[in-house]
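Chains, contacts and geometry: an overview
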Amino acid sequence: MKGKKWTTLALSLPLVLSLSTGTYAETLHSDKGQTTKTGNKNGVFYELYVNSFYDTNGDGHGDLKGVTKKLDYLNDGNPATENDLQVNGIWMMPINPSPSYHKYDVTDYYNVDPQYGSLQDFRKLTAEAHKRNVKVIMDLVINHTSNEHPWFVDALKNKNSKYHDYYIWADKNTDLNEKGPWGQQVWHKASNGEYFYATFWEGMPDLNYDNPKVQEEMINVGKFWLEQGADGFRLDAAMHIFKGQTPEGAKKNIEWWNEFRDAMRETNPNTYLVGEVWDKPEVVAPYYQSLDSTFNFDLAEKIVNSVKSGTDQGVATAAVATDAMFKSYNPNKIDGIFLTNHDQNRVMSELSGDVNKAKSAASILLTLPGNPFIYYGEELGMTGQKPDELIREPFRWYEGNGIGQTSWETPVYNAGHNGISVEAENKQKDSLLNHYREMIRVRQQHEELVKGDLQSLQVDNPQVIAYSRTYKQNSIQVYHNISNQPVTLKVSNKGKLIFSSEKGAKKEQETLVIPANTTVLIK
């Protein structure tokens, strides 16, 4: 990583703070708008850090051939089998050439980092994924480049370079003490004596989207990867293209993403776009004018905190509220739901290693509306707390070492020999891995859980999260007992118990008994 490992801390700082800008973008109208039906964009996605996943050449680093080789772990293409996760999509964290381990600072937008493989490897991966009806979306990092990108290097050397205007430079009227959205320094002195703008840190100079050439370039980048076989993109820092903390910046962001979306659909009408807009729901909502999905950070926090405390923090109420708000901008929106991601402490660490609580969190995630995103290793119970390297540790295939096990860093949290591995959990019927496999299948077997509307159900027990999912006049009632004790509820005498995640649940007329840390479905 060329001695830049520490830079990840700067990268993650705004995400840790997660400060709300309080800026609301106005409604913008586009002729094309969001009228395209979502079609097969619904599904369960798996967020994957290639470097940590599977190593095929023995250099310790995961690679694209490794992802292809282990596709059958994610989805073997046969709905009748039970040994795969049966996810419908993969989100790969950045794969472009980069000087850093995380690759969120790109030096070439039209290639694959040699550490991960080649464009041919990428095309092979997408082709094999598509055979299994699995989508592949890429992390697209276009708010900024690396300061080692040839564009920036050329801009430093020559003020008359066409690339100089690809970046944002201070003039005599610039306040060099200006602070960014979380109070950070944003103007940095370059080696040529000029000052440039960088939202995250000086190694990541922001691109100048007021320059039409930059917009044209990034549209070309997106089309290029769609032509290589990508099905869409996770859009990094989507609210920072312009200064999204200001009304004008928020408006310009949405205008840009409208243009980007329309251009991508010219290449592939079913392009799936999910944006990282880390802010409160009122700020996130307008971005649905441009995007299919955005990540629901607010809901994720409520799920994890509810399960952690054993008391409902308003999960269904929050989900209903954001559902209505997001639909007001895009009736075809698909909420991007998750527990934690690559910028946050792992959910199993948040839950202090409690497997039963982790099962409850998974059950909630996989029965709510939207596209659930599972962070790699979450299904095993991998742990990890910041700094960022330690929440991106090598995926555990084995209890010890074995073919394909990555070793790019020495794990601190997931060192093996503790039952948290694919090898160990495959042998354990009630493992967390098998729970994920089961709950994903339960979701996919019931259209109500994939596409149904959500309504909160009132229960007289704060340790139960309850809601109904309704699709085409068919309803399923979902009850999660997130406590460590059995609960008894009074419910409608209509409906039968069709699923319980643990043994011991029973429904007799108006009485429903739910074991500890158990999810039940009634239809």
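What comes next is a walk through the structure. Please read all numbers here as calculations on a predicted model, not as lab measurements. (Residues numbered from 1 in each chain as written. Predicted model: local features only at pLDDT ≥ 70, side-chain atom pairs only at ≥ 80, totals over all residues. Heavy atoms only, no water.)

Here's the deal with the packing of helix α5 (residues 119–131) against helix α7 (residues 212–228)
Where α5 meets α7, the axes come as close as 9 Å, and the angle between the chain directions of the two elements is 60 degrees. One way to sum up the angle between α5 and α7 is to call them oblique. In this structure, α5 uses Leu119, Phe122, Arg123 and Thr126 to contact α7, whose residues at the interface are Phe224, Trp225 and Gln228. Across the contact of α5 with α7, the residue classes break down as four nonpolar, two polar and one charged. (Axes fitted to C-alpha atoms, helices over the stretch in contact; angles between N-to-C directions. Helix = DSSP H or I, 4+ residues; strand = E, 2+ residues; numbered from the N terminus. Parallel < 35°, antiparallel > 145°, perpendicular 65-115°, else oblique. Contact = heavy atoms within 4.5 Å. Nonpolar A, V, L, I, M, F, W, Y, C, P; charged D, E, K, R; others polar.)

Quick word on the pattern of salt bridges
Between side chains of opposite charge, a pair can form as their charged atoms come close. Here the structure, examined in full by the defined rule, presents 25 salt bridges. Salt-bridge contacts for lysine 124 lead to glutamate 128; the nearest nitrogen and oxygen are separated by 3.4 Å. With a gap of four residues between them, lysine 124 and glutamate 128 both fall in helix α5, about one helical turn apart. In this structure, lysine 243 and glutamate 178 form a salt bridge, with 2.8 Å as the shortest nitrogen-oxygen distance. Of this pair, lysine 243 sits in the loop between β6 (232–235) and α8 (247–267) while glutamate 178 sits in the loop between α6 (150–157) and β4 (187–189), and the two are 65 residues apart along the sequence. Taking relative accessible area as the criterion, lysine 243 reaches 33% and is therefore assigned partly exposed. Salt bridges linked by common partners bring Asp72, Lys124, Glu128, Lys131 and Arg132 together as one network. (Salt bridge = Lys/Arg side-chain N within 4 Å of Asp/Glu carboxyl O. Buried < 20%, exposed > 50% of the residue type's maximum accessible area, 1.4 Å probe, protein only.)

Description of the sheet that holds strand β14 (residues 487–490)
Two orientations exist for strands paired in a sheet by backbone hydrogen bonds: parallel and antiparallel. Taken in spatial order, the three strands of this open sheet run β14-β17-β16, and their pairing is antiparallel. Where the open sheet ends on each side, the last strands, each with one partner, are β14 and β16 (506–508). Recorded for the sheet is a direction-independent mean angle of 15 degrees between the axes of neighbouring strands. Where β14 meets strand β17 (residues 511–514), four bridges bridge the pair, whose relative direction is antiparallel. Directly across from leucine 489, in β17, lies its bridge partner leucine 512. (Pairing = 2+ DSSP bridges.)

Let's talk about the packing of helix α10 (residues 297–309) against helix α11 (residues 315–327)
Running from N to C, α10 and α11 cross one another at 170 degrees; their axes reach a closest spacing of 9 Å. Relative to α11, α10 is oriented roughly antiparallel. Along the contact surface, α10 presents Leu299, Lys302, Ile303 and Ser306, while α11 presents Val315, Ala318 and Ala319. The residue inventory of the contact of α10 with α11, partitioned by class, reads five nonpolar, one polar and one charged.

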